Amino acid sequence: MEYNSTRSPKQCYDMNDIRTEIDKIDHAVIKLFATRFEYVKAASKFKKNANDVQAKARFDSMLEQRKLWANELGLNGDVIKELYANLVRYFIDEELKQFNNKEK
């Protein structure tokens, strides 16, 4: 999934152009989150217990990596880390449901 801009930020003529591009970016990001979620659900078949699903060490290291990536791109790493923490907690909860249904 890819974002294809109609105009660069400098080529936008008005707020409608800006909003159109932002909406397209957000839609692409959400599509990518949905794709990520499919991988999360598929991962439950490889996990043996709830601790494997929660994977605290992986969770923590993943958040730190996202923070670094954000900082490298000029974003506030703490904000991006929190965004991912919330997103991934949601995914973990959903994966736990998937994992628990597998055991039934």
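It should be emphasised that the depicted structure is a prediction, and the values quoted were computed from it without experimental measurement. (Residues numbered from 1 in each chain as written. Predicted model: local features only at pLDDT ≥ 70, side-chain atom pairs only at ≥ 80, totals over all residues. Heavy atoms only, no water.)

### Notes on the pattern of salt bridges
Opposite charge on two side chains makes pairing possible when the charged atoms of those side chains draw close.
Point 1. Tallying each qualifying case throughout the model produces eight salt bridges.
Point 2. Put simply, Glu-38 and Lys-41 hold a salt bridge, and the shortest N to O gap is 3.0 Å. With Glu-38 and Lys-41 both in helix α1 (residues 15-43) and three residues apart, this pair spans about one turn of that helix.
Point 3. Looking at Glu-38, the relative accessible area reads 46%, which means it is partly exposed. (Salt bridge = Lys/Arg side-chain N within 4 Å of Asp/Glu carboxyl O. Helix = DSSP H or I, 4+ residues; strand = E, 2+ residues; numbered from the N terminus. Buried < 20%, exposed > 50% of the residue type's maximum accessible area, 1.4 Å probe, protein only.)

### What about the environment of Val-88?
Point 1. Within the secondary structure, Val-88 sits in helix α4 (residues 77-102).
Point 2. Residue Val-88 is classed as buried on the basis of its relative accessible area of 7%.
Point 3. Sequence separation of Val-88 and Tyr-3 is 85 residues, and the distance between their C-alpha atoms is 23 Å.
Point 4. Residue contacts for Val-88: discarding those within four places in its chain leaves Arg-36, Phe-59 and Met-62. (Contact = heavy atoms within 4.5 Å.)

### Looking at the confidence of the model for the protein chain
Point 1. When pLDDT is averaged along the protein chain, the result is 90, and 96% of the positions lie at 70 or above.
Point 2. Per-residue pLDDT, averaged within each element of the protein chain, yields its smallest value for helix α2 (residues 50-54) (82) and its largest for helix α3 (residues 56-72) (96). (pLDDT = per-residue confidence, 0-100.)

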